[in-house]
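Residue strings, one per chain:
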Amino acid sequence: MSRPHPALWLLALALLVTAVGALLGGWIAERPAGLVPDHLRATYDPIHFKPAIEQATDEQCLACHREVLDDTVRETSPAGVRAAASLAWYQQTSTYVGGQETFHRRHLVTPLARELMDLRCTTCHQGHDPREEAPGSSASAVPLTSQDFTLRKPVNVETTCLMCHGQLPVQLMGLPAPWPEAKAMFGNDCLTCHAAIRTHRHQVSYLKAAAIEAAGAKNSDVCYGCHGGRAWYRISYPYPRHAWPGMPADVPDWAKDRPSESEARFQRPATARP
Ligand code: HEC
Ligand code: HEC
Ligand code: HEC
Ligand code: HEC
Ligand code: HEC
């Protein structure tokens, strides 16, 4: 039996490679937009960066990251600790319902989140930099200022988390003590004062302003929950100070450099206001 000429083997191999390539190419082209079956290409998908991320919808992100909403925590840790039996202090407020949940689910899909908020992936994720975890790590880097020296984070916590997880600024509000001690004096009701003060509030795309007022009128833990009751910070967020009917003409010193409008990217058109 004569063996095929080696050139034939090469030809067969070339044909096979071309056929597989064409099949794969066709398959890639047919996949829904945004789904690339290549981990590295997906990591660097332009959707992670500005400007594309500014237009991205939750559906586009979830096409690859469904785990952030679909997966939830274990009922029992591998060491045998039951999640339901290990609630933290902030999980014992009157607004907390249901079992333990992941961070993403608590902000996007659990009952309180759905009632009060309308957060999007891009409310928090505004574009990340997968190239450099720690800035200035090369030997020839320009010396860093304290401003630069943060490890790369996919979210800027000072401009997002702090809005709902800062301290209640009791001093500038004229309260005699922190809220847990002062609240009895004011009927445990923020609206004792806030029915008339700083009444133009929450008119931003990621909050449901009318639902917040309705829930806060029944239970001030709702208000306190975002204004000191779940504070991960020792500082407060410098909220914009919107003009309100009956506002005194004098601007207090602490408010002199405050903006009078919400951050531009969160402003909603006047017609959409509830
Ligand atoms: C084409 C698929 C795809 C799409 C669409 C996509 N991602 Fe990713 N993303 C990835 C992959 C792959 C990684 C890298 C995961 C890894 O290496 O563990 C990643 C990483 C991330 C990380 C972690 C970054 C880090 O370095 O720790 C975040 C946060 C993230 N994506 C958010 C988003 C958001 C928000 C959107 C929508 C604007 C989005 N992604 C859209 C595939 C995608
Ligand atoms: C309330 C703010 C917030 C929202 C809303 C949010 N994320 Fe995140 N996300 C974070 C933070 C904070 C981290 C953790 C960052 C870290 O580990 O440094 C994170 C981490 C991630 C990661 C990295 C892997 C992981 O699970 O830790 C992915 C992927 C991701 N987010 C995707 C999404 C997608 C998709 C959406 C929309 C469905 C979304 N996020 C909505 C704040 C948010
Ligand atoms: C728009 C307001 C808002 C923003 C922005 C926000 N949170 Fe929250 N966060 C909440 C509310 C409301 C809850 C309580 C949810 C509940 O009890 O169901 C909460 C709960 C939590 C919890 C407790 C989760 C649990 O299961 O007990 C953590 C941790 C947390 N937030 C961290 C963060 C971090 C980190 C960021 C920034 C990446 C952030 N939050 C941004 C409103 C916000
Ligand atoms: C004794 C009256 C009083 C009570 C009760 C009260 N506040 Fe205030 N609050 C004020 C005053 C006064 C200001 C400052 C008004 C201004 O801008 O001049 C203020 C300001 C604020 C601000 C804006 C802070 C800033 O830095 O711009 C927030 C947020 C706030 N209050 C939330 C609450 C919440 C939540 C409760 C209930 C847990 C509450 N307040 C209860 C009087 C009160
Ligand atoms: C889900 C979280 C959340 C809840 C619940 C909540 N707030 Fe806020 N509040 C915010 C955020 C975020 C802002 C800043 C919005 C912006 O940038 O305009 C804010 C702003 C404010 C301001 C500043 C108003 C101004 O001049 O713009 C006051 C006062 C205030 N809230 C009081 C309250 C009171 C009273 C309640 C209960 C009825 C309450 N908040 C419930 C998140 C919350």
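Rules and cut-offs
- Residues numbered from 1 in each chain as written.
- Chains lettered and ligands numbered in written order.
- Predicted model: local features only at pLDDT ≥ 70, side-chain atom pairs only at ≥ 80, totals over all residues.
- Heavy atoms only, no water.
- Near = heavy atom within 4 Å.
- Polar contact = N/O pair within 3.5 Å; in protein donor to acceptor, adjacent residues only side chain to side chain.
- Nonpolar A, V, L, I, M, F, W, Y, C, P; charged D, E, K, R; others polar.
- Helix = DSSP H or I, 4+ residues; strand = E, 2+ residues; numbered from the N terminus.
- Donors = N, O, S within 2.8 Å, 3.2 Å for Na, K, Ca; no water.
- pLDDT = per-residue confidence, 0-100.
- Tetrahedral: all angles 85-135°; square planar, octahedral: opposite > 155°, others 65-115°.
- Phe/Tyr/Trp six-rings, centres within 6.5 Å; stacked < 30°, edge-to-face > 60°.
- Buried < 20%, exposed > 50% of the residue type's maximum accessible area, 1.4 Å probe, protein only.
- Core = buried A, V, L, I, M, F, W, Y, C linked by side-chain atoms within 4.5 Å.
- Contact = heavy atoms within 4.5 Å.

Concerning the site of ligand 4
In step 1: Around ligand 4 sit 18 residues in total, of which Met173, Cys190, Cys193, His194 and Arg198 are the nearest.
In step 2: Here a nitrogen atom of ligand 4 sits 2.8 Å away from a polar atom, N or O, in the side chain of His194.
In step 3: Within the side chain of Arg241, an N or O atom sits 2.7 Å from an oxygen atom of ligand 4.
In step 4: Its residues assigned to classes, the shell around ligand 4 comprises 13 nonpolar, two polar and three charged.

Some remarks on unusual backbone geometry
In step 1: The omega torsion of the bond from Lys50 to Pro51 falls at 0°, within 30 degrees of zero and hence cis.
In step 2: Structurally, Pro51 is set in the loop between helix H2 (39–43) and helix H3 (52–55).
In step 3: One non-glycine residue, Asn188, lies in the positive phi region at around 50°.
In step 4: Within the fold, Asn188 resides in the loop between helix H11 (179–182) and helix H12 (191–194).
In step 5: Notably, Arg198 is not glycine yet its phi reads approximately 50°, a positive angle.
In step 6: In this structure, Arg198 sits in the loop between H12 and helix H13 (209–218).

Here we look at the coordination of the iron atom of ligand 4
In step 1: Donation to the iron atom of ligand 4 from the protein comes from one atom only, His194 (NE2), at 2.0 Å.
In step 2: Following the sequence through the fold, His194 ends up in helix H12.

Describing the confidence of the model for the chain
In step 1: Put simply, the chain has an average pLDDT of 87, and 81% of its residues get 70 or more.
In step 2: Within the chain, H13 carries the highest mean pLDDT (98), whereas helix H1 (residues 6–30) carries the lowest (64).

Concerning the coordination of the iron atom of ligand 1
Tetrahedral coordination by four donors sets the ideal angle at the metal to 109.5 degrees; octahedral coordination by six donors sets it to 90 or 180 degrees.
In step 1: Every protein donor of the iron atom of ligand 1 is accounted for by His48 (NE2) and His65 (NE2), and the metal-donor separations fall at 1.9 to 2.0 Å.
In step 2: Each of the six donor atoms around the iron atom of ligand 1 contributes to a set of angles spanning 86 to 179°, which defines the coordination as octahedral. In this pair, His48 sits in the loop between H2 and H3 while His65 sits in helix H4 (residues 58–65), placing the two residues 17 residues apart along the sequence.

What to know about the packing of aromatic side chains
In step 1: Taken as a whole and judged by the stated rule, the model has five aromatic pairs.
In step 2: An angle of 90° between the planes, with centres 5.2 Å apart, marks the rings of Trp89 and Tyr90 as edge-to-face.
In step 3: On the basis of relative accessibility, which here comes to 27%, the residue Tyr90 falls in the partly exposed class.
In step 4: Ring geometry for Tyr206 versus Phe266: centroids 4.7 Å apart, planes at 70°, classification edge-to-face. You can see Tyr206 sitting in the loop between H12 and H13 and its partner Phe266 sitting in the segment after helix H14 (221–226), a full 60 residues away along the chain.
In step 5: Residue classification places Tyr206 among the buried residues on the basis of a relative accessible area of 8%.
In step 6: Ring-pair connections join several aromatic residues into one group, and the members of that group are Trp89, Tyr90 and Trp232.

Here we look at the nonpolar core
In step 1: One finds Leu116, Met117, Met163, Val204, Tyr206, Leu207 and Phe266 to be the most contacted residues of the largest nonpolar core, which totals 16 residues.
In step 2: For this core, the secondary-structure elements that each account for two or more residues are helix H7 (111–116), helix H9 (161–165) and H13.
In step 3: Sorting elements by how many residues they give to this core places H9 first, with three residues.
In step 4: For Met117, the residues in contact, after removing those within four places along its chain, are Arg106, His107, Leu112, Tyr206, Leu207 and Lys208.
In step 5: Formed by seven residues, the second largest nonpolar core is a distinct cluster that contains Leu168, Trp179, Cys190 and Tyr224.

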